Amino acid sequence: MLLTLEKMSRRTHRTNPHPRTSGLSGQSVAVVGAGKSGVAAARLLVVLGANVSLVDHKPETEWATRWSDVHEWGVHPFGGERFEQGLEAVDLVIVSPGVSPALAAFDAVRQRGVPIVGEVELASWFFSVPVIGVTGTNGKSTVVSLLGKLLQECGSTPFVGGNLGIPLTEAALAVHQHECMGPEEPAPFHEIVAELSSFQLETIDGFHPHVAVLLNITPDHLDRHPSFDDYARAKANIFRNQTAGDFAVLNADEAPVRHVRDSLQGQLIEFSVFKEVPNGVWVAGETIVSRWNGQQDELMPVRDIPLPGNHNVSNVLAALAVGMVRGCSRDSMRRAVRSFQGLPHVCEVVRERRGVTFINDSKGTNVDATLKAIASLRQPFVIILGGKEKGASEFGRLKDALESGVKHCIVLGESADTIARAIEGAGAISRVSSLAEGVTLAADLATPGDAVLFSPACASFDMFRDYRDRGQQFRDLVNVLTD
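Residues numbered from 1 in each chain as written. Predicted model: local features only at pLDDT ≥ 70, side-chain atom pairs only at ≥ 80, totals over all residues. Heavy atoms only, no water.

**Points about unusual backbone geometry**
- You will see that N293, though not glycine, has its phi angle at about 55°, which is positive.
- Its place among the elements puts N293 in the loop between β13 (287–292) and β14 (295–301). (Helix = DSSP H or I, 4+ residues; strand = E, 2+ residues; numbered from the N terminus.)

**Observations regarding the nonpolar core**
- Grouped together as the largest cluster of nonpolar side chains are 53 residues, with contacts concentrated most on L45, I94, L122, L168, I192 and F239.
- Aside from chain neighbours lying at most four places away, what touches F239 is A212, L214, A248, V249, L250, V260 and L264.
- Of all hydrophobic cores here, the second largest spans 41 residues; its members include V144, F247, I305 and V313. (Core = buried A, V, L, I, M, F, W, Y, C linked by side-chain atoms within 4.5 Å. Buried < 20%, exposed > 50% of the residue type's maximum accessible area, 1.4 Å probe, protein only. Contact = heavy atoms within 4.5 Å.)

**As for the sheet that holds strand β5 (residues 116–118)**
- With parallel pairing, 5 strands are arranged side by side in an open sheet as β3-β2-β1-β4-β5. The strands lining the two open edges of the sheet, one partner per strand, are β3 (76–79) and β5. Looking at each pair of strands side by side, their axes are set apart by 25° on average, direction ignored.
- Alignment of strand β1 (residues 28–32) against strand β4 (residues 92–95), held across 4 bridges, turns out to be parallel. (Pairing = 2+ DSSP bridges. Axes fitted to C-alpha atoms, helices over the stretch in contact; angles between N-to-C directions.)

**Brief notes about the pattern of salt bridges**
- Inspection of the entire model under this criterion finds 19 salt bridges.
- With a closest N to O distance of 3.0 Å, R475 and E348 form a salt bridge. With R475 in helix α17 (residues 467–479) and E348 in strand β15 (residues 348–353), this residue pair connects regions lying 127 residues apart in the sequence.
- Classification of R475 by relative accessible area gives buried; the value is 17%.
- The residue D368 makes a salt bridge to R397 at a minimum N-O spacing of 3.6 Å. Placement of D368 in helix α13 (residues 367–375) and of R397 in the loop between β17 (381–385) and α14 (398–403) is noted, with a sequence separation of 29 residues between them. (Salt bridge = Lys/Arg side-chain N within 4 Å of Asp/Glu carboxyl O.)

**A few points about the environment of P226**
- Tracing the backbone shows P226 in the loop between β9 (211–214) and α9 (228–236).
- On the accessibility criterion, P226 (73% relative accessible area) is exposed.

**Brief notes about helix α11 (residues 310–325)**
- In a regular helix each residue adds 1.5 Å, so 16 residues correspond to 22 Å; α11 covers 23 Å between its end C-alpha atoms and thus fits that length.
- Counting buried positions along α11 yields 15 of 16 residues, so the element is predominantly enclosed.
- Residue G327 follows α11 closely and has a positive phi angle near 85°. (Expected span 1.5 Å × (residues − 1).)

**Focus on the state of the cysteines**
- Tallied over the full model, the rule gives 0 disulfides.
- Summary of cysteine pairing: C347 is not part of a disulfide, and the nearest cysteine sulfur, belonging to C458, is at 16 Å.
- Lacking any disulfide linkage, C458 is separated from the closest cysteine sulfur, that of C409, by 13 Å. (Disulfide = S-S within 2.5 Å.)

**Brief notes about the layout of surface pockets**
- If you add up the space inside the second largest pocket, you get close to 270 Å³.
- Of the residues that constitute the lining of the second largest pocket, the class distribution is 9 nonpolar, 5 polar and 1 charged. (1 Å grid on protein atoms, 1.4 Å probe; cavity = no way out; pocket = protein on both sides within 12 Å on 5 of 7 lines; lining within 4 Å. Points joined across faces, edges and corners; volume = space filled by probe spheres on them. Nonpolar A, V, L, I, M, F, W, Y, C, P; charged D, E, K, R; others polar.)

**Some remarks on the environment of V273**
- The topology assignment puts V273 in the loop between β11 (267–272) and β12 (280–284).
- Here the alpha-carbon distance between V273 and V313, two residues 40 residues apart in the chain, equals 7.0 Å.
- Setting aside anything within four residues of it in sequence, one finds V273 in contact with D253, V283, N310, V313, S314 and L317.

**Concerning the packing of aromatic side chains**
- Per the counting criterion, the structure on display carries 4 aromatic pairs.
- Measuring from ring centre to ring centre gives 5.5 Å for F159 and F189, while their planes differ by 55°; the resulting arrangement is tilted. In this pair, F159 is assigned in strand β7 (residues 158–162) and F189 in the loop between α7 (168–181) and β8 (191–195), connecting sequence segments 30 residues apart. Accessibility assignment for this pair places F159 and F189 in one class, buried.
- Both rings, one in F228 and one in Y231, keep their centres 6.3 Å apart while their planes meet at 50°; by these two values the pair is tilted. Taken as a pair, F228 and Y231 lie in helix α9 at a separation of 3 residues, close to a single helical turn.
- Owing to a relative accessible area of 28%, F228 belongs among the partly exposed residues under this scheme.
- Lying across the ring of F199, R224 places its NZ or CZ 3.9 Å from the centre.
- The aromatic ring of Y467 is capped on one face by K363, whose charged end is 5.4 Å from the ring centroid. (Phe/Tyr/Trp six-rings, centres within 6.5 Å; stacked < 30°, edge-to-face > 60°. Lys NZ or Arg CZ within 6 Å of the ring centre and 35° of its normal.)

Keep in mind these numbers describe shape, not what the thing actually does.
Here's what the structure looks like:
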């Protein structure tokens, strides 16, 4: 029996006290993508009694042994040439975020009337607590992490995950296991705080965040999305299923974000670094001010934000706006913000050596993120750029920002020549063949009072496993430099 989209959409509610999961028992489900999200989805489905296949374009020898538990669960692996075989005779297909739903292999699946949804959509069928969803090109991880800390400070127990690291299907599994134990057991968490990428949002159907946050939209992932407009529409999907009882939190300083106002069904809450907003949080002089239900309040001085740059002020405002909606007290929000030290690989100071500050911004995987990192600097700098370009990355946007303070640009990776041409004239440029060579050269070029900024403006996959691997290698290389 096919599990239809109509049946699935009725399962998805902001607060659904009786999630209907029995329909998956005995169903044949293919999970496409053998990464962390795919494996978490497969585990959840096995627990629910589904017959699960894990399907990936990579040969099974490259991933099946890495996920040895998959065999023990009874999951059937289909890799490499057997990819399409794994999609045959299934009732439902779950797509991992890293897999495009536009794959030609899915055409035959759709022709059979088989639903294809994402891992986030699957997880959402099981949520009986409010969901706070956060998306945007940059700042998602910072805002979601700060929200987790803020809500904890307010006495809540949130689940924090999604694109940030812990798949949402792990939260769904925890909900299911809790319900199996009985209502007398304490709930595993009071709300879901989810970082959501465009890849995750393009495969939702009924996913329904009670609070949806859109931070910014700038060109990114254009190697996956056909155009910037398609990318922006995927981001705006976060509001698609909201109703009048929900909240849409928007960055009033970003024109592409403001464009979604007219299509919103939820109540509008805004935040701004530069201007007062009718309902929300903004900066007035040196003070962060809120207005909610007609009540205006001074929340905290801007100087209490420990992270540098206007972009981080904006990130904090977004988190405060959500905290305000969720009923957090002013004092608890202040404590959370003041103690928040940021994330690894995001403008992270690795060390100071011979008067030079080395900054790891490996999570700067697009031009906009790197522009924000540059804007946060107050000293001359040497910058290391390059990696795998994500479509039309507009590296030329870096040129004006670099001219104001850069002493030397070091480029590496697949995009080195493209970046060098785009920023020509902004300062001296050197090409290197490895990150190790780049760090050594940067250390030689920088003088006391300078910074060395590693903010690639590119994806990492040409030379590294992911941005975390890239950032850790940068840390290691900096830490072994002799004093």
